[in-house]
Amino acid sequence: MLLGANTTITTYRLVNAGNTSAFSGTATIDGQEAYIESQEADVAAVLESQPGVEVFLLHMEPGDIRPSDKVVDADSLEYRVMGVEKHEGNDDVDDHYICRLHKTTKWHSD
């Protein structure tokens, strides 16, 4: 159980690196509690904002997630995992992952 969770997520693995919209039909993670927060104001203050791209942080318990995975939240919003920070093995806090997500208005194939 993730304290402060505001959604659940399901993830799908990219199956063809040459096609950025080809994902497995079977979920890698299904129905896991998570906390997703927008980083748009912080990122825009440091970097020039990219039109059509929103940045989020995903906080979750450890699981099988990696960059390029597709994340779908409880509201059916889609994100792509851009990076994963693993915080594990610390005796005074629970293990958790922080993932950087991008959400665009339209995903396309390269």
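Calculation rules
- Residues numbered from 1 in each chain as written.
- Predicted model: local features only at pLDDT ≥ 70, side-chain atom pairs only at ≥ 80, totals over all residues.
- Heavy atoms only, no water.
- Helix = DSSP H or I, 4+ residues; strand = E, 2+ residues; numbered from the N terminus.
- Buried < 20%, exposed > 50% of the residue type's maximum accessible area, 1.4 Å probe, protein only.
- Contact = heavy atoms within 4.5 Å.
- Areas by Shrake-Rupley, 256 points an atom, 1.4 Å probe, with all protein chains shown as cover.
- Pairing = 2+ DSSP bridges.
- Axes fitted to C-alpha atoms, helices over the stretch in contact; angles between N-to-C directions.
- Polar contact = N/O pair within 3.5 Å; in protein donor to acceptor, adjacent residues only side chain to side chain.
- Core = buried A, V, L, I, M, F, W, Y, C linked by side-chain atoms within 4.5 Å.

Engineer: With reference to specific residues and values, describe the overall build of the protein chain.
Structural biologist: Looking only at helices and strands, the protein chain features one helix and six strands. From first element to last, N terminus to C terminus, the protein chain shows the α and β order β-β-α-β-β-β-β. Classification of the 110 residues of the protein chain by burial places 32% in the buried group. Within the protein chain, contacts between residues at least 6 apart in sequence are counted, and of these 54% link residues at least 24 apart. Entry remark: accessible area of the protein chain is about 6800 Å², with carbon and sulfur atoms responsible for 48%.

Engineer: Summarise the side chain of Thr11; cite the residues concerned and give the values.
Structural biologist: Position of Thr11 among the secondary structure elements: in strand β1 (residues 7-12). Apart from the residues within four sequence positions on either side, Thr11 is in contact with Ala27, Thr28, Ile29, Asp64, Ile65, Lys70 and Val71.

Engineer: If you had to explain the sheet that holds strand β6 (residues 96-104) to someone new, which residues and values would you point to?
Structural biologist: As summarised here, the arrangement of the six strands in space is β1-β2-β3-β6-β5-β4, forming a closed barrel in which the pairing is antiparallel. The sheet shows a mean angle of 45° between the axes of neighbouring strands, direction not considered. Direction of pairing for strand β3 (residues 53-60) relative to β6: antiparallel, over a ladder of eight bridges. Bridge pairing in β6 links His59 to Ile98.

Engineer: Which residues make up the side chain of Asp69, and what are the values?
Structural biologist: Among the secondary structure elements, Asp69 is positioned in the loop between β3 and β4 (70-73). Among the residues examined, Asp69 registers a relative accessible area of 0% and is labelled buried. Separated by 3.1 Å, the side chain of Asp69 and the backbone nitrogen of Arg66 make a polar contact. Apart from the residues lying within four places of it in its own chain, the contact partners of Asp69 are Tyr12, Arg13, Leu14, Phe23, Asp64, Tyr79, Arg80 and Val81.

Engineer: Residue-level account of the nonpolar core, with values.
Structural biologist: Leu58, Met60, Ile65, Cys99 and Leu101 are the most contacted members of the largest nonpolar core, which has 14 residues in total. Of all the elements in the fold, those that place two or more residues in this core are β2 (29-38), β3, β5 (78-87) and β6. In this structure Met60 touches Leu2, Ile9, Ile29, Gln32, Glu33, Ala34, Ile65, His96, Tyr97 and Cys99, once residues within four positions along its chain are discounted.

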